[in-house]
Each structure stands twice: as C-alpha cells, then as structure tokens.
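Residues per chain are reported as follows:
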Amino acid sequence: MAETVAGPAHDVAGTAPEFPMPRASRCPFDPPPGLKELQEQGPLAKVRLWDGSEPWLVTRYAEQRAVLGHPRVSADTEQPGYPTKASAEAGEGKLSFIMMDDPEHARLRRMVTAPFAIRKVEALRPAVQRIVDGLIDDMLAGPGPVDLVEAFALPIPSLVICELLGVPYADHAMFQDNTRTMVRTTATPEERGAATREIAGYLAGQIARRLTDPQDDLLSGIAGRVAAGELTHGQATEMALLLLIAGHETTANMITLGTAALLEHPDQLALLRDTDDPKLVASAVEELLRYLHITHLGRRRAVTEDIELAGQVIRAGEGVIMVNEIGNRDPEVFEDPDRLDITRDARRHVAFGFGVHQCLGQPLARMELQVVYGTLYRRIPTLRLACALEDVRFKHDAFIYGIHELPVAW
C-alpha cells in the first residue's frame with residue numbers, strides 16, 4: 001500500500017499534514033502547493049506517512065544539505081525511525097550501498113567509481129551522440145506521432161548502461177518491465193518482490209558467467225571482486241541491480257520531463273534549439289535538473305544521535321525527509337525559483353543529493369542529457385506535443401517521477 005495522497009497542508013485538527021502532497025493540476029512540473037506553504041513557514045515541519053509515523057520534513061536548501069552531510073544521520077533503512085516510502089518496501093533488503101553507511105558504504109562504492117569518472121564518461125560522448133542521432137533518424141523516417149518515451153527516452157540510457165555493464169540490450173524489455181513494477185507505488189509487496197527476484201536472478205547469472213569468462217565490462221569488474229573474496233555473490237548482484245536501475249530509469253524520466261517542460265516554455269526551448277554553445281547546453285541541463293526533480297518522495301534518513309537543526313533538536317530515532325524538489329525552489333538560493341531560466345547558474349542544485357551519498361552516476365547522466373538536449377530540438381525544430389498537456393499521464397504512482405507516455409509530432 002502506498003502513502004496516502006493528502007489534501008490541504010493542515011487540517012482543522014492541526015495534525016501533521018500527510019506526505020506526499022498532491023501536485024497542482026495546472027502545472028505538473030511544480031512541487032505541490034502544500035510544500036511551498038510549509039517552506040514559507042520554516043525549514044522544518046512534521047508530516048504524517050502511510051504508517052502513521054511523523055518524521056521531520058526539511059524544506060529549505062541549507063538545512064537539506066546540512067542533514068545530508070551530517071555524520072549522525074543514517075541512510076540505513078533498518079535504523080529506528082527510518083521513514084519508509086510504502087509498506088511494499090518491507091522485507092526487501094537494501095539496494096546495495098546507497099542504503100548503507102560508512103565505512104561499508106564507502107568500501108562498496110569505491111568498487112564501481114572508476115567507470116563513472118568524468119574522463120571515462122567523456123570518452124563515451126561520441127557513442128552516445130551516435131545513439132541519439134540514430135534514434136532521431138528512426139523517428140523521422142517513421143510515421144508520427146510517436147511516443148517519445150519508448151522511441152527515444154528509454155532506449156538511450158538503456159543502451160548506454162547495457163554497454164557499460166555488459167548486459168545484452170536484447171534483454172532490455174525484461175528489466176524495463178520489472179523496473180516499472182519495482183518503482184510503482186501501487187505495486188503490492190508480492191509484485192515488487194517478484195520483479196526484483198527476476199532481475200536479480202538474471203544479473204546473478206551474468207555475474208556467474210563472468211567468473212569463468214571475464215569480459216571488458218563493469219559486471220566482469222564486479223565478478224572479479226567476488227573472485228577476490230571482497231564481495232559475496234549476493235552483494236555483487238545487489239550492486240549490479242542498483243547500477244542497472246539507476247542507469248536508465250532516472251535519465252529516461254529526465255529526458256521526457258525536460259522535453260515536456262521546454263515545449264511548455266517556448267522561449268527557453270528557442271534558446272536551446274538555436275545555440276551551438278556547449279556551455280549553454282550544459283547550463284540548460286543544470287537548470288532542468290533544478291526545476292524538475294524526479295525523486296519527488298524525498299531523500300530519507302534516520303537520526304542516530306540527537307542533532308540540532310534550525311534551532312530544533314531532532315532526537316535519535318526520528319526520521320527526516322529532504323524534499324529536494326522544494327529545496328531546489330528555495331528563494332534564498334535561487335532568485336525567482338519557480339521560473340525556468342536555462343541561462344541561470346543552477347549548478348548548486350541538490351538534484352543528485354549531497355554528501356557521501358551524492359549520486360555516483362551524475363557525470364554519466366549529465367553527459368547523456370547534454371547530448372539529448374543539445375541534439376533533439378535542433379534536429380527536429382518543429383517538435384511539439386501531439387496532445388494537450390493535461391492529457392499527458394504523469395507518474396504520480398511511482399517513486400521516480402516522470403511521464404508514462406509523451407506523444408510528439410513535428
């Protein structure tokens with residue numbers, strides 16, 4: 001059962017508002033109005049989750065960074081007070097090192113850091129450019145309208161992460177279908193468990209084969225850690241699962257959300273479409289990451305020892321949620337934060353988190369988005385939505401926010 005979607009930020013009894021709050025129907029790119037109200041009242045507020053627990057909601061940028069970088073705040077889902085997203089999460093274990101604390105988090109993370117270094121990611125840019133151009137060629141050669149999600153947004157990061165891991169792209173439909181189930185808030189524990197087991201079993205088999213027949217890919221590197229006794233086979237499978245899911249689901253949603261937002265802001269789209277300046281393209285990526293935040297259920301933590309934040313003592317065993325979509329709209333940090341402006345310096349955003357758990361794959365995501373945003377609108381300058389924005393189905397039913405289908409024409 002997913003968290004209940006609540007109404008007003010405060011009810012007549014004065015109890016904590018339920019979280020998550022509904023987005024405004026008029027603008028699916030903006031955070032819920034209730035979050036804005038809480039942010040205006042202060043950096044901290046109590047909210048109520050699906051299970052009746054009441055963690056702290058951290059609404060402002062400075063306090064979010066303070067919590068994410070605090071040594072007495074834990075990412076471990078088994079810590080007392082950790083605010084789980086839904087009952088479907090119970091009993092499914094950790095998603096590798098992102099749900100661990102140092103020193104084990106750091107030990108495991110270091111094992112897969114090298115392939116995501118900026119230098120290695122930049123070496124992939126020509127290949128990503130070829131993928132993007134090829135998919136655009138296919139769209140232009142075929143009938144329209146097309147669903148940008150299936151025809152363009154999903155294949156790009158899927159092809160890239162498959163190449164990095166060494167997973168055959170021919171199997172992408174299986175892991176994409178199961179990933180959708182894993183991140184759907186309305187999925188039952190049984191459905192999510194079955195989806196997780198199918199992908200995990202597949203990856204465990206891939207790792208087992210590389211123990212005897214290593215290749216030049218990331219899975220072989222992980223398998224080598226198993227052979228050296230640094231990882232169990234189960235840990236290696238969890239790590240591969242994390243990289244596979246994070247490597248395609250998040251970027252695909254940013255491609256479609258960013259395109260929809262730009263089509264609704266034609267002045268910003270024109271700036272991006274008409275430029276040949278890679279710095280402006282990079283700036284557009286950072287601004288869209290600030291303006292659109294796909295982890296709309298927040299980054300969640302548990303406090304292990306009392307801490308003080310914004311004059312309030314948060315006790316050990318209490319949970320905290322950093323809603324980065326509203327942190328990235330903090331007027332103390334970003335002037336006129338509800339305006340999309342691809343020329344602003346938005347590099348301080350917290351879309352990739354902050355501190356030791358900051359997203360490992362952010363160089364790859366940035367590069368892919370730069371290639372996409374710098375190519376799609378230039379090559380298809382008349383790109384438009386093939387339906388009204390209000391008819392587009394947004395992913396209010398998923399842990400990762402995005403768009404189910406985005407029909408486009410030109």
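The structure displayed is predicted, hence computed values, not measured ones. (Residues numbered from 1 in each chain as written. Predicted model: local features only at pLDDT ≥ 70, side-chain atom pairs only at ≥ 80, totals over all residues. Heavy atoms only, no water.)

Novice: Report on the pattern of salt bridges, specifying residues and quantitative values.
Specialist: Per the counting criterion, the structure on display carries 23 salt bridges. Its salt-bridge partner being aspartate 30, residue arginine 329 comes within 3.1 Å of it at the nearest N-O pair. Taken as a pair, arginine 329 in the loop between α14 (324-327) and α15 (362-379) and aspartate 30 in the segment before α1 (33-41) lie far apart in primary sequence, 299 residues in all. Arginine 329 gets classed as buried once you look at its relative accessible area, which sits at 1%. (Salt bridge = Lys/Arg side-chain N within 4 Å of Asp/Glu carboxyl O. Helix = DSSP H or I, 4+ residues; strand = E, 2+ residues; numbered from the N terminus. Buried < 20%, exposed > 50% of the residue type's maximum accessible area, 1.4 Å probe, protein only.)

Novice: I'd like a rundown of the sheet that holds strand β10 (residues 407-409), residues and numbers included.
Specialist: The strands making up a sheet associate through backbone hydrogen bonding, with each pair oriented either parallel or antiparallel. The strand order across the open sheet formed by 3 strands is β4-β10-β9, and the pairing between neighbours is antiparallel. The strands lining the two open edges of the sheet, one partner per strand, are β4 (146-147) and β9 (384-385). Relative to β10, β4 runs antiparallel, the two being bridged by 2 bridges. Paired with aspartate 147 across the bridge in β10 is proline 407. (Pairing = 2+ DSSP bridges.)

Novice: Can you break down the sheet that holds strand β2 (residues 56-58) residue by residue, with the values?
Specialist: Pairing within the open sheet is mixed, and its 5 strands lie in the order β1-β2-β8-β5-β3. Looking at strand neighbours, the two that pair on one side only are β1 (44-46) and β3 (73-74), the edges of this open sheet. Looking at chain direction, β3 and strand β5 (residues 299-303) are connected through 2 bridges and run antiparallel. Directly across from serine 74, in β5, lies its bridge partner alanine 302.

Novice: I'd like a rundown of the side chain of histidine 296, residues and numbers included.
Specialist: Within the secondary structure, histidine 296 sits in the loop between α13 (278-291) and β5. There is a polar contact of 2.8 Å between the side chain of histidine 296 and the backbone oxygen of alanine 398. Not counting the four nearest positions on each side in its chain, histidine 296 is found in contact with Phe19, Arg23, Glu325, Lys395, Ala398, Phe399 and Tyr401. (Polar contact = N/O pair within 3.5 Å; in protein donor to acceptor, adjacent residues only side chain to side chain. Contact = heavy atoms within 4.5 Å.)

Novice: Kindly report on the packing of aromatic side chains, identifying the contributing residues and their values.
Specialist: Inspection of the entire model under this criterion finds 4 aromatic pairs. Pairing phenylalanine 394 with tyrosine 401 gives two aromatic rings, centres 6.1 Å apart and planes at 20°, and the pair type is stacked. Assigned by exposure class, phenylalanine 394 and tyrosine 401 land together as buried. Following the ring pairs from residue to residue traces out a cluster consisting of Phe29, Phe394 and Tyr401. Over the aromatic face of phenylalanine 334 sits the side chain of arginine 290, whose NZ or CZ is 5.3 Å from the ring centroid. A cation over an aromatic ring shows up here: arginine 348 above the ring of phenylalanine 334, its NZ or CZ 5.4 Å from the ring centre. (Phe/Tyr/Trp six-rings, centres within 6.5 Å; stacked < 30°, edge-to-face > 60°. Lys NZ or Arg CZ within 6 Å of the ring centre and 35° of its normal.)

Novice: Which residues make up the confidence of the model for the protein, and what values do they have?
Specialist: Confidence in the prediction of the protein, expressed as mean pLDDT, is 91, and 93% of residues score 70 or more. In the predicted structure, residues 1-13 sits below a pLDDT of 50 and forms 32 contacts with residues beyond four places in sequence or in another chain. (pLDDT = per-residue confidence, 0-100.)

Novice: Which residues make up the nonpolar core, and what are the values?
Specialist: Counting residues in hydrophobic clusters, the biggest one holds 94 residues, and the most contacted among them are Phe29, Phe152, Met239, Leu243, Tyr373, Leu376 and Leu406. Residue contributions to this core peak at 16 residues, all from helix α11 (residues 233-263). Leave out the neighbours within four places in its chain, and phenylalanine 29 touches Arg23, Leu257, Ala260, Ala261, Glu264, Tyr291, Leu292, Arg329, Leu389 and Phe394. Core analysis: the next-biggest nonpolar cluster, separate from the first, contains 12 residues, Leu44, Ile307, Leu309 and Met322 among them. (Core = buried A, V, L, I, M, F, W, Y, C linked by side-chain atoms within 4.5 Å.)

Novice: Please provide a residue-by-residue account of the pairing of strand β8 (residues 319-322), values included.
Specialist: Of the two faces of β8, the one holding Gly319 and Ile321 and the one holding Val320 and Met322 are both buried throughout. Relative to β8, β2 is paired through 3 bridges, and the arrangement is parallel. Looking at β8, one finds that valine 58 is bridged to methionine 322. Examined bridge by bridge, β5 and β8 share 4 bridges and lie antiparallel to one another. The residue bridging alanine 302 from the neighbouring strand is glycine 319, located in β8.

Novice: How would you explain the packing of helix α5 (residues 125-141) against α15 if you had to name every residue and give the values?
Specialist: α15 packs onto α5 with a crossing angle of 35° between their chain directions and a minimal axis gap of 10 Å. Helix-helix and strand crossings are classified by hand; for α5 and α15 the assignment is right-handed. Listed contacts from α15 to Arg125, Val128, Gln129, Val132, Asp133, Ile136, Asp137, Met139 and Leu140 of α5 are Met367, Glu368, Gln370, Val371, Val372, Thr375, Leu376 and Arg379. For the contact of α5 with α15, a count of residues per class yields 9 nonpolar, 3 polar and 5 charged. (Axes fitted to C-alpha atoms, helices over the stretch in contact; angles between N-to-C directions. Left-handed = near helix turned anticlockwise from the far one by under 90°. Nonpolar A, V, L, I, M, F, W, Y, C, P; charged D, E, K, R; others polar.)

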